[in-house]
Amino acid sequence: MRPSLSRTSKSIRILVLNNYPLGDVWQEVRRGDKPDHHLFGINHLENMGYEVKVIEPGPSNAIAALARALRRARNPIPLGALDRQWAAWRALREGDVIYAPCGDELNGLAYLRAAGLLKTPLLCIQHHTLNRGRLMSLRNPFINTLVRGVDAFPALSEKVAAEINQRWRNPEHKSISLAWGPDASFYPR
């Protein structure tokens, strides 16, 4: 099932997770201090009439401590940003779609979606290959589950889009390559 952002009488509510504080960046863009390509389209979604809520993790908590402990232990399973995912989980009633401009942010939610435990569609932009580094063979089943759990998975390169589609093994592709580039109007001629 692919998430649809078609207009209805009710505005679509999009929860956004990112690896840097998009709320702060959005303010910088509004002031003209930063180009808008750092927002990965959320400002345009809002201009189109969608409700956009940037999810930021709360103050340090048990989930953040668990994430730090897993990083220190060099956990080979790609879980994503647990604190942001927990904040999104808590905000599920406020959103119809979860969007992650950075691919590594919602892995745990994708596993839950693949298992049928999360009904909210997931949209994720993948920047890099899905499985890299040591212990790749150990991660392969998790990466395949991740691909199953994400509803739409565009990538910033054709190579990464092809990898996602190869793992998906479905005639209807899950990924396309996006032409992402700078906000040319921001920079002086």
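Along each chain, the written sequence defines residue order, and numbers are assigned to residues from 1. At least 70 in pLDDT is required for a residue's local features to be given in this predicted model, at least 80 for side-chain atom pairs to be given and counted, and no such filter applies to totals for whole chains, interfaces and linings, which use all residues. Excluded from the side-chain calculations are hydrogens and water; all other atoms, namely the structure's heavy atoms, are used.

### So, the overall build of the protein chain
This is how it is decided: For helices the rule is a DSSP run of H or I covering at least 4 residues; for strands it is a run of E covering at least 2, with both sets numbered from the N terminus onward. Only C-alpha atoms enter the radius of gyration, while the globule expectation follows 2.2 Å times N to the 0.38, with N the number of residues. Exposure classes here rest on a 1.4 Å probe applied to the protein chains alone. A residue is buried below 20% of its type maximum, exposed above 50%, and partly exposed in between. For this analysis, residues touch if any pair of their heavy atoms sits within 4.5 Å. Calculation of accessible area relied on Shrake-Rupley with a 1.4 Å probe; when residues are assessed, cover is drawn exclusively from the protein chains displayed.
Secondary structure summary: the protein chain contains seven helices and four strands in total. Reading the protein chain from its N terminus to its C terminus gives the helix and strand order β-α-α-β-α-α-β-α-β-α-α. Over its C-alpha trace the protein chain gives a radius of gyration of 17 Å, about what one expects of a compact globule, namely 16 Å for 189 residues. Expressed along its principal axes, the backbone C-alpha trace of the protein chain runs to roughly 45 × 40 × 40 Å. Taken over 189 residues, the protein chain has a buried fraction of 42%. Partitioning the contacts of the protein chain with sequence separation of at least 6, the portion at a separation of at least 24 is 64%. Working note: accessible area of the protein chain is about 10700 Å², and carbon and sulfur atoms make up 56% of it.

### Remarks on the sheet that holds strand S3 (residues 97–100)
What links the strands of a sheet is backbone hydrogen bonding, and the strands pair in either a parallel or an antiparallel sense. The criterion, for reference: Any two strands between which DSSP finds at least two bridges are classified as paired. Helix axes are fitted only over the stretch in contact, all axes being lines through C-alpha atoms; the angle between N-to-C directions runs from 0 to 180 degrees.
Judged by pairing direction, the sheet is parallel, and its four strands sit side by side in the order S2-S1-S3-S4 without closing on themselves. Bordering the open sheet on either side are strand S2 (51–54) and strand S4 (122–124), each of which pairs with just one other strand. Taken pair by pair, the neighbouring strands of this sheet meet at an average axis angle of 25°, ignoring direction. Bridge analysis of S3 against S4 gives three bridges, and the strand direction is parallel.

### Quick notes on the side chain of Arg 139
For the record, the criterion: A positive count includes Lys and Arg, and a negative count includes Asp and Glu. His and the chain ends are not counted in either. By definition, a salt bridge exists where a carboxyl oxygen of Asp or Glu is found within 4 Å of a side-chain nitrogen of Lys or Arg.
Tracing the backbone shows Arg 139 in helix H6 (residues 136–149). One buried charged residue, Arg 139, remains without a salt bridge, the closest side chain of opposite sign being Glu 163 at 9.6 Å. Excluding residues within four positions of it along the chain, Arg 139 makes contact with Pro 76, Pro 78, Asn 131, Arg 132, Gly 133 and Arg 134.

### A closer look at the packing of aromatic side chains
Inclusion rule: Two aromatic rings, drawn from Phe, Tyr or Trp (for Trp, its six-membered ring), form a pair once their centres lie within 6.5 Å of each other, and the interplanar angle then sorts them: stacked below 30 degrees, edge-to-face above 60, tilted otherwise.
Enumeration according to the criterion identifies one aromatic pair in this entry. Their ring planes at 65° and their centres at 6.2 Å tell us that Tyr 111 and Phe 142 sit as a pair that is edge-to-face. Residue Tyr 111 is located in helix H5 (residues 107–114), and its partner Phe 142 is located in helix H6; the two are separated by 31 residues in the primary sequence. Tyr 111 sits in the buried class, given a relative accessible area of 15%.

### Concerning the confidence of the model for the protein chain
For clarity, the cut-off: The predictor attaches a confidence to each residue, and that confidence, scored 0 to 100, is pLDDT.
For the protein chain, mean pLDDT is 86; residues scoring 70 or higher make up 94% of the total. Mean pLDDT values for the elements of the protein chain range from 84 in helix H3 (residues 62–72) up to 96 in S3.

### Topic: the pairing of strand S1 (residues 13–16)
Side chains of S1 alternate between two faces, with Arg 13 and Leu 15 and Ile 14 and Val 16 buried alike. Relative to S2, S1 runs parallel, the two being bridged by four bridges. Counterpart to Ile 14 in the pairing with S2 is Val 52. Both S1 and S3 contribute to a ladder of three bridges, which runs parallel. Paired with Ile 14 across the bridge in S3 is Val 97.

### Some remarks on the layout of surface pockets
The test is simple: Two kinds of site are reported from a 1 Å grid over the protein atoms alone, namely cavities, where a 1.4 Å probe fits but cannot get out, and pockets, open sets with protein on both sides within 12 Å along at least five of seven lines, and residues are called lining when an atom falls within 4 Å of a point. Grid points are joined across faces, edges and corners, and a volume is the space filled by probe spheres set on the points. Charged residues are taken to be Asp, Glu, Lys and Arg, nonpolar residues to be Ala, Val, Leu, Ile, Met, Phe, Trp, Tyr, Cys and Pro, and polar residues to be all remaining types, Gly included.
Looking at the largest pocket, its volume works out to about 510 Å³. Lining of the largest pocket is provided by 22 residues; of these, Ile 77, Pro 78, Leu 79, Gly 80 and Asn 107 occupy positions nearest its centre. Those elements that provide at least two residues to the lining of the largest pocket are H3 and H6. Classifying every residue of the lining of the largest pocket gives 11 nonpolar, six polar and five charged.

### Let's talk about the nonpolar core
In plain terms, the rule: Working definition of a nonpolar core: buried Ala, Val, Leu, Ile, Met, Phe, Trp, Tyr and Cys residues. They are joined through side-chain atoms within 4.5 Å.
One finds Ile 98, Leu 106 and Leu 109 to be the most contacted residues of the largest nonpolar core, which totals 26 residues. Listing elements by their share of this core, those giving two or more residues are helix H4 (82–90), S3, H5, S4, H6 and helix H7 (158–168). Setting aside residues no more than four positions away along its own chain, Ile 98 makes contact with Leu 15, Leu 17, Leu 92, Leu 106, Leu 109, Thr 120, Pro 121, Leu 122 and Leu 123. By size, the runner-up hydrophobic cluster in this structure holds 18 residues, among which are Val 97, Tyr 99, Leu 123 and Ala 152.

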